[in-house]
Amino acid sequence: GAVVSQHPSWVICKSGTSVKIECRSLDFQATTMFWYRQFPKQSLMLMATSNEGSKATYEQGVEKDKFLINHASLTLSTLTVTSAHPEDSSFYICSAVYRGRFPYEQYFGPGTRLTVT
Amino acid sequence: EDKVVQSPLSLVVHEGDTVTLNCSYEVTNFRSLLWYKQEKKAPTFLFMLTSSGIEKKSGRLSSILDKKELFSILNITATQTGDSAIYLCAVGYGGATNKLIFGTGTLLAVQP
């Protein structure tokens, strides 16, 4: 149980275009999902907290107009990288909070590797 | 500023060795400490620790938390090549929904 999927698993796009990444909790409802970014040989950095039915909360230094987050349902959150640039190339990972037991655990998706050319 | 520091940054051992990975933290509103194993993709959950002094064990892996000294260790006994990975320590903080702050990770390489 507690499986999280991401789509696509990898994407290449041209500079200036937008890319949408989906995060789904497959067998549980997730009122909260998190989006992380991981650069090579670095750890995961929290970008934003996505709450179903409300606006996302962004961490300091993350541009909310560039990284659009929509948590449309209890099982789906999307991250759209707008006007992508090569420096946005990274590994993007989402996690979904499973409220089955406290403290609530986060289950991670397999990640999306974005390359901007 | 909240931080999670792991050591060593990397480690090379031979199969059968025992390794100890360290994680120290300074995080306000501490809720829990978690260990993850990351191979090529996203992290996979190993342990969640919330209480001091209580060892959690899963097969050859075990972990313990010291909330007074603000650190945790992850032990792996009788290492195998399949243990090669990055081991991430994360601290959950804030309200009921844990936000996580991750350490830089320890890259473990187990040689045959």
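Residues numbered from 1 in each chain as written. Chains lettered and ligands numbered in written order. Predicted model: local features only at pLDDT ≥ 70, side-chain atom pairs only at ≥ 80, totals over all residues. Heavy atoms only, no water.

K.L.:
So what's going on with the pairing of strand β11 (residues 106-111) of chain B? Which residues, and what values?
P.N.:
All names here are of chain B. By the alternation rule, side chains of β11 split into Thr 106, Leu 108 and Val 110, which are all buried, and Leu 107, Ala 109 and Gln 111, of which none is buried. Sheet analysis places strand β2 (residues 10-14) next to β11, joined by five bridges and oriented parallel. The partner of His 14 across the bridge, within β11, is Gln 111. Examined bridge by bridge, strand β9 (residues 85-93) and β11 share three bridges and lie antiparallel to one another. Following the sheet pairing, Ala 85 is matched in β11 by Leu 108. (Buried < 20%, exposed > 50% of the residue type's maximum accessible area, 1.4 Å probe, protein only. Helix = DSSP H or I, 4+ residues; strand = E, 2+ residues; numbered from the N terminus. Pairing = 2+ DSSP bridges.)

K.L.:
Could you give an account of the side chain of Ser 25 of chain A, with specific residues and numbers?
P.N.:
Residues and elements named next belong to chain A. Along the chain, the position of Ser 25 falls in strand β3 (residues 19-25). Using a relative accessible area of 4% as the deciding quantity, one classes Ser 25 as buried. Reaching out from Ser 25, the side chain makes a polar contact with the backbone oxygen of Phe 28 at a distance of 2.7 Å. (Polar contact = N/O pair within 3.5 Å; in protein donor to acceptor, adjacent residues only side chain to side chain.)

K.L.:
Can you lay out the pattern of salt bridges for me, pointing to particular residues and giving the numbers?
P.N.:
Inspection of every chain in the model, using the stated rule, returns four salt bridges over all chains. The shortest N-O distance in the salt bridge between Glu 22 of chain A and Arg 24 of chain A comes to 3.4 Å. On the basis of relative accessibility, which here comes to 24%, the residue Glu 22 of chain A falls in the partly exposed class. Accessibility expressed as a relative area gives 34% for Arg 24 of chain A, which makes it partly exposed. Here Glu 59 of chain A and Lys 99 of chain B are joined by a salt bridge, their closest N and O atoms 2.8 Å apart. Here the residue Glu 59 of chain A occupies a position in the loop between β6 (57-58) and β7 (67-73), and Lys 99 of chain B occupies one in strand β10 (residues 99-102), the pair thus bridging two chains. (Salt bridge = Lys/Arg side-chain N within 4 Å of Asp/Glu carboxyl O.)

K.L.:
Tell me about the interface of chain B and chain A, residues and numbers included.
P.N.:
Listed as interface residues are 19 residues of chain B and, on the opposing side, 22 residues of chain A. Taking both partners together, chain B and chain A bury about 1700 Å²; carbon and sulfur atoms supply 61% of that area. In this assembly, chain B and chain A are joined by one salt bridge. Joining chain B to chain A, the criterion identifies three residue pairs in polar contact (both at pLDDT 80 or more). Those elements giving two or more residues to the side of chain B that touches chain A turn out to be β4 (30-38), β5 (44-49), β9 and β10 of chain B. Grouping the constituent residues of the side of chain B that touches chain A by class yields 10 nonpolar, six polar and three charged. (Contact = heavy atoms within 4.5 Å. Buried area = accessible area lost by both parts, 1.4 Å probe. Nonpolar A, V, L, I, M, F, W, Y, C, P; charged D, E, K, R; others polar.)

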